Amino acid sequence: MADYDRVVSLSREKFEQSGPSVAELRDDTKSTKSDDVDIARMERILDLREGILAGDEYYLQKIVCECGRRLTMYDFVFTGLVDAGHSKSLIVHTFVGNKLVVNEARPIRCSACARVCPRPWYRMPQSYGCRPPA
Ligand SMILES: [Zn+2]
């Protein structure tokens, strides 16, 4: 996925079937929800004005890195920039665009120590997520 123009949106029904349940997202033992500080960090790394990403929800499967950091969607954005070579524009468009997008899960890099961790699921209930790894 290198160009948002070429991304094909799923139907809302297919999108809803693709991810973890709402109960799983809300379960703090299974899922890490980005707080305001985490969202502000994502805005800064993506060169966005403050508040652009506020109001949406960002969940990452609970993973605690060996260094002690509990990974968040910020680490997912960091990984997309550093490892996948995605442009900031593509990530922003995927986050705030109107297409419903589901990708395969990918390894994630810890933004604190740069260690590569297993493939977590991630989910923005409004528009974006991945299939939980089998
Ligand atoms: Zn780490």
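Scope of this entry: the structure provided in the associated data block. What you are looking at is a predicted structure, and each value in this text was computed from that prediction instead of being measured.

## Let's talk about the overall build of the chain
Inference 1: When helices and strands are tallied, the chain shows five helices and seven strands.
Inference 2: Listing every helix and strand of the chain by position from the N terminus yields α-α-β-α-β-α-α-β-β-β-β-β.
Inference 3: Taking 14 Å as the expected radius of gyration for a compact globule of 134 residues, we find that the chain reaches 14 Å, a close match to that expectation.
Inference 4: Projecting the C-alpha coordinates of the chain onto the three principal axes gives extents of approximately 40 × 30 × 25 Å.
Inference 5: Considering the chain as a whole, with its 134 residues, one finds that 43% of them fall into the buried category.
Inference 6: Considering only contacts within the chain whose residues lie at least 6 apart along the sequence, 73% involve residues at least 24 apart.
Inference 7: When the accessible surface of the chain is summed, it comes to about 7,300 Å², and 49% of that surface belongs to carbon and sulfur atoms.
Inference 8: The average position of the 20 basic charges and that of the 19 acidic charges among the side chains of the chain differ by 3 Å.

## Observations regarding the environment of Pro-20
Inference 1: The topology assignment puts Pro-20 in the loop between α1 (12-18) and α2 (22-26).
Inference 2: Separated by 29 residues in the primary sequence, Pro-20 and Arg-49 have C-alpha atoms spaced 30 Å apart.

## Regarding helix α4 (residues 73-82)
Inference 1: Among the ten residues in α4, eight count as buried, and that is most of the element.
Inference 2: Those residues of α4 that sit buried are Met-73, Tyr-74, Asp-75, Phe-76, Val-77, Phe-78, Thr-79 and Gly-80.
Inference 3: Tucked inside the fold, the buried residues of α4 contact α3 (36-45), β2 (59-61), α5 (88-96), β4 (108-109), β6 (122-124) and β7 (128-131).
Inference 4: Between the side-chain oxygen of the N-cap and the backbone nitrogen of Tyr-74 there are 3.0 Å, and the N-cap of α4 in question is Thr-72.

## Some details on the nonpolar core
Across soluble globular proteins, nonpolar side chains show a tendency to be buried alongside one another.
Inference 1: In this structure, Met-42, Tyr-58, Leu-71, Met-73 and Phe-95 are the most contacted members of the largest nonpolar core, which totals 33 residues.
Inference 2: With five residues, the top contributor of residues to this core is α4.

## A look at the coordination of the zinc ion
Inference 1: Looking at the zinc ion, the protein donor atoms are Cys-65 (SG), Cys-67 (SG), Cys-110 (SG) and Cys-113 (SG), and they sit 2.3 Å from it.
Inference 2: Classification of the site at the zinc ion as tetrahedral follows from its four donor atoms and the range of 102 to 113° in their angles at the metal.
Inference 3: Within one chain, the residues donating to the zinc ion are spaced in sequence as C-x1-C-x42-C-x2-C. With Cys-67 in the loop between β2 and α4 and Cys-113 in the loop between β4 and β5 (116-117), the pair connects residues that are 46 residues apart, well separated along the chain.
Inference 4: For Cys-67, a relative accessible area of 40% puts it in the partly exposed group.
Inference 5: A relative accessible area of 32% means that Cys-113 is categorised as partly exposed.

## Focus: the packing of α3 against α4
Inference 1: Packing of α3 against α4 brings their axes to within 9 Å, and their N-to-C directions diverge by 15°. In terms of axis orientation, α3 runs roughly parallel to α4. Relative to α4, the crossing made by α3 is left-handed. Of the residues in α4, those touching α3 at Asp-38, Arg-41, Met-42 and Ile-45 are Met-73, Tyr-74, Val-77, Phe-78 and Leu-81.
Inference 2: Its residues assigned to classes, the contact of α3 with α4 shows seven nonpolar, no polar and two charged.

The rules behind the values
Residues numbered from 1 in each chain as written. Predicted model: local features only at pLDDT ≥ 70, side-chain atom pairs only at ≥ 80, totals over all residues. Heavy atoms only, no water. Helix = DSSP H or I, 4+ residues; strand = E, 2+ residues; numbered from the N terminus. Rg over C-alpha atoms; globule rule 2.2 N^0.38 Å. Buried < 20%, exposed > 50% of the residue type's maximum accessible area, 1.4 Å probe, protein only. Contact = heavy atoms within 4.5 Å. Areas by Shrake-Rupley, 256 points an atom, 1.4 Å probe, with all protein chains shown as cover. Lys, Arg positive; Asp, Glu negative; His and termini not counted. Charge placed at Lys NZ, Arg CZ, Asp CG, Glu CD. Polar contact = N/O pair within 3.5 Å; in protein donor to acceptor, adjacent residues only side chain to side chain. Core = buried A, V, L, I, M, F, W, Y, C linked by side-chain atoms within 4.5 Å. Donors = N, O, S within 2.8 Å, 3.2 Å for Na, K, Ca; no water. Tetrahedral: all angles 85-135°; square planar, octahedral: opposite > 155°, others 65-115°. Axes fitted to C-alpha atoms, helices over the stretch in contact; angles between N-to-C directions. Parallel < 35°, antiparallel > 145°, perpendicular 65-115°, else oblique. Left-handed = near helix turned anticlockwise from the far one by under 90°. Nonpolar A, V, L, I, M, F, W, Y, C, P; charged D, E, K, R; others polar.

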